[in-house]
Structure formats: structure tokens, C-alpha cells
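Survey of secondary and tertiary structure
The lines below spell out each chain.
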Amino acid sequence: MTSLTHGRHYLAIPGPSVMPDRVLQAMHRPSPNIYEGELIEITETLPADLKAMARTKHHVAMYIGNGHAAWEAALFNTLSAGDEVIVIMTGLFANGWADMAKAMGVTAHVLDFGRRSSFDPARVAEALAATPQAKAVLMVHVDTSTSVKNDVSAVRALMDEADSNALLMADCIASFGCDDFRMDAWGVDVMVAGCQKGLMVPAGMSFVFYSDKADNIRETNGCLSRYWDWRPRTNPEFFYLHWCGTAPTHHIYGLREALDMINEEGYENVLARHRLLAEAVWAAFECWSQDGPLELNIADRTLRSHAVTTLRTGAPHATTLRNWVSGNAGLTLGIGLGMATEDDPKSDGFFRVGHMGHVNAQMILGALGTIQTGLVATGLPHGDGALDAATRVLAGQG
Ligand SMILES: *Cc1c(COP(=O)(O)O)cnc(C)c1O
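Since this is a predicted model, take the numbers as computed values, not measurements. Per-chain numbering applies: the sequence of each chain, read as written, is numbered from 1 onward. Two thresholds apply to this predicted model, a pLDDT of at least 70 for residue-level local features and 80 or more for giving and counting side-chain atom pairs, whereas whole-chain, interface and lining totals are computed over all residues. To get the side-chain values, all heavy atoms of the structure are used, and hydrogens and water are removed first.

Now for the UniProt feature "modified residue: N6-(pyridoxal phosphate)lysine" (unreviewed entry) in the chain. UniProt positions are given in the numbering used here, feature names are shortened, and annotations may be inferred rather than shown by experiment. UniProt feature "modified residue: N6-(pyridoxal phosphate)lysine" (unreviewed entry): in the numbering of this structure it lies at Lys197. Helix and strand assignments come from DSSP, with helices taken as H or I runs of at least 4 residues and strands as E runs of at least 2, each series counted from the N terminus. Of note, Lys197 is situated in the loop between strand S7 (190–194) and strand S8 (205–210). You can call Lys197 buried: its relative accessible area is 9%. Residues count as neighbours in contact if any of their non-hydrogen atoms are within 4.5 Å of one another. With near-sequence residues (within four places) excluded, Lys197 lies in contact with Pro14, Gly15, Ser17, Thr144, Ile173, Ala174, Met356 and Gly357. Summary of the burial criterion: residues with accessible area below 20% of their type's maximum are buried, those above 50% are exposed, and those between are partly exposed, where the area comes from a 1.4 Å probe applied to protein chains only.

Each reported salt bridge corresponds to a side-chain nitrogen of Lys or Arg within 4 Å of a carboxyl oxygen of Asp or Glu. All told, the structure shown has 23 salt bridges when counted by the stated rule. Across the salt bridge formed by Glu286 and Arg304, the nearest N and O atoms sit 2.9 Å from each other. You can see Glu286 sitting in helix H10 (residues 267–288) and its partner Arg304 sitting in the loop between strand S9 (295–296) and strand S10 (308–312), a full 18 residues away along the chain. Under the relative-accessibility criterion, Arg304 is labelled buried at 5%. Connected through shared salt-bridge partners, Arg55, Asp180, Arg182 and Glu268 make up one network.

Right, let's talk about the environment of Ile173 for a bit. Among the secondary structure elements, Ile173 is positioned in the loop between strand S6 (167–171) and S7. Taking the C-alpha atoms as reference points, Ile173 and Asp143, separated by 30 residues in sequence, lie 8.9 Å from one another. Ignoring any residue separated from it by four or fewer positions in sequence, one finds Ile173 in contact with Gly67, Trp71, Val192, Ala193, Gly194 and Lys197.

Turning our eyes to something else, we now look at the packing of H10 against helix H13 (residues 386–394). Axis definition: a line fit to C-alpha positions, over the contact stretch in the case of helices; interaxial angles, taken between N-to-C directions, run 0 to 180 degrees. Relative orientation of the contacting elements H10 and H13 amounts to 155°, with a least axis distance of 8 Å. Considering the angle they form, H10 stands roughly antiparallel to H13. At the point where H10 passes H13, the crossing takes the right-handed sense. Contacts between H10 and H13 involve Leu276, Leu277, Glu279, Ala280, Ala283, Ala284, Cys287 and Trp288 from the former and Ala386, Ala389, Ala390, Val393 and Leu394 from the latter. A breakdown of the residues in the contact of H10 with H13 according to their chemical character gives twelve nonpolar, no polar and one charged. What sets the label is the angle itself: under 35 degrees gives roughly parallel, over 145 gives roughly antiparallel, 65 to 115 gives roughly perpendicular, and the rest give oblique. Should the near helix be turned anticlockwise from the far one by less than a right angle, the crossing is left-handed, and should it be turned clockwise, the crossing is right-handed. Following the grouping adopted for this structure description, the nonpolar residues are Ala, Val, Leu, Ile, Met, Phe, Trp, Tyr, Cys and Pro, the charged ones are Asp, Glu, Lys and Arg, and the polar ones are all others, Gly among them.

Spelled out as C-alpha cells, the structure:
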């Protein structure tokens, strides 16, 4: 068969996301002076823009590392061995964060709400009542494996009702820049984010936002790690302390450019674009699901993320479809994650579409049209009208 892969490849996975040419070009330069000048000036502009996106007046520490680094940093500043935490698990990622806490000697009470829904408030309330000594509640805003979006402010309300003094800690690595998040209004004490998803920069930088309350706990906790300590990174006596060493020179240029792009578009418009593109993706999959094995993992639209969509097909159809679109049409879709172990053949029954960051209507329609082509080519039964439904959403007639 004639190959249709020769053109610009589209990586539609939930991170790393598509990098804008402007970001790539901003990074394409020789190393700058790390002692004085532009690099230092640019670095000092980053926290204000990041905090505006997190909707917080509090603090942000920047790290050279991926999301896992921010997870560990958040834990090391606020917890010690012997502490207890409650973990709200609605997919793979909360468990990853909990495992990191356990490795520090923290006892994690993991509430597992399965793979297809958000949390049950009654069970969270029960856990808060049963564990008044909990130092923190850990949750994921958007779980990238299940594509569920959790109501973070509802957890704060439950904690207030329970008179809980614990810190509320949220993982926004997938949602930052895509789904609205309001750190201060929602009473979040610690929030972690990365740069390679909604922020459109290659993996390698991450962020921990923290409240005054969390910083006071860092004071008594006496952060056990020099490297992860958020204090010197936020208010460094010398520039190199921002990073505890050499600055991530090129990431700083890339991130500055990405934040400029977000500011030029306007953050509210960025969020509205992600919502509309997500609704177009859902509209298409809802039509395909009318016949055959395809199914959206999260049935309730109000619980779906605007950054990523998880699909179920039954094995081996998801892998067959992914292989077809990548091998024949230049589109890479995300693998299923956290639904079945990798060696379990059932894992071939899930895939994900990333629609985070630098994506526009023609990219999403291209991806959906390519998926439709893959469904036809691989003979997977599916309902009709998906592309019509998606175009109606994007035409404002959805
Ligand atoms: C991607 C992701 C992570 C892990 O980030 P890495 O950069 O891969 O370490 C953690 N949590 C969520 C919700 C994510 O989407």
C-alpha cells in the first residue's frame, strides 16, 4: 500500500506534547552566560507568569527534573518518615506519588476509586474522620491514565468539614495549562506541575507551588533534602541557588517563549480552546461508540479532562489501531496506561488521545480523520457521523 506517513508527524500523546516552532527556535542558540545578563533577567520573569496560571499569590520553586522530581520535592518539604497521608486514587498517577511517599517512610492510606470515575466524597470524609493525624491529602487533578478530572475544591470542603489540619496537595502535571485550576480559591497548599504537557516545552523542568501554611510546615519539618528544599530556590541568595547548580539554560529560553505565547493568546482563551477541542474529540468518540467496541473511559462529560481522553476498545483493537495510524498515517496515539499491566494482553484494549498544549482545530480534525481512516482500514466496527459531529462542535454548532 502507498505510504501516507511522509509529512509532518503528529505526536498526539498526553505528554510530551507538540512543541511550537517558536519554542524550538528560542532554544536553538549557543549557551548563554550563566553569571550575568539576559538569562538571569529572563529567569526572574518566570515565577510571576507561572503563578498567574496557577491562580496563586503564594510561592513557586522551579526544578530541573520531570514530574516525578516535583512529586519528590513536594513530599520532602512537607513530610517526614512516620507521617501519615491520605491518597485519593482515580488512576495510575496517585499511586505513583503514594509510592514515593512510602519510600520516605510515610504511611499512605490509599483510597482506590477504580479506573472509571472520580472519588466518592463519603469515602473521603470517612478516611478524614478515621485518620485525623494525616499530615496531607494527596490527589491528582487530571489523571492522565484514566483522563478523569477530579473536583479539587470539593476535597478542600470535605477537609474543612472534618476540621482537618492536613495540607491539600494536588498533582496538576497533566492539567496545567489545559484545565482551569485555582490554587488559592480552592484552598490548595501544594501543587506540582511539569513543563512538557500544557506548557509545550521539552521534558526537563517542573514546578512546586506552595502556600505559606505549607512553607511553615517546611520550617518545622526541616526539609531533609538539601537539593529538593524549595526555600533557596524561591528566594535565592545567589542565582545558582534557583537551580541548586547550573541553570537549565535552554529550557529557560523555551519556557519563556511558551509563556509569551500563552500570554499573547490570553490564558482564558487557552482554556476555552482546550475545552472546545476536547468537546470535538468527545463528540467524535461518542458517535464511534454507538456501534462496535469503542467506548470513552469516562462516561460523565463533567468528569472528563480537557487535556487527554482515554478510550477502551477491548484487546487487541487499540494496539491494532495505534499501529495502523502510526505506521500508515504519521499519527502517534498514546498507549493505555494503568488499566492492565503491560504483559497482560488486555493492555492492548486501551489508548489515549493527548490534546494538550500547542493544538488547534486542523490538528484535532486531522487526528480524528486519521483515526476514522484507521477504524475503516483495520475493520473495527464503529458508529457513523463522528467527523460531522466534531466539525459541528468546532463550528460552534455543537
Ligand atoms: C505525566 C504525569 C506525571 C509524571 O510526570 P513525568 O514528567 O513523567 O515524571 C505525573 N502525574 C501526572 C498527572 C502526569 O500526567
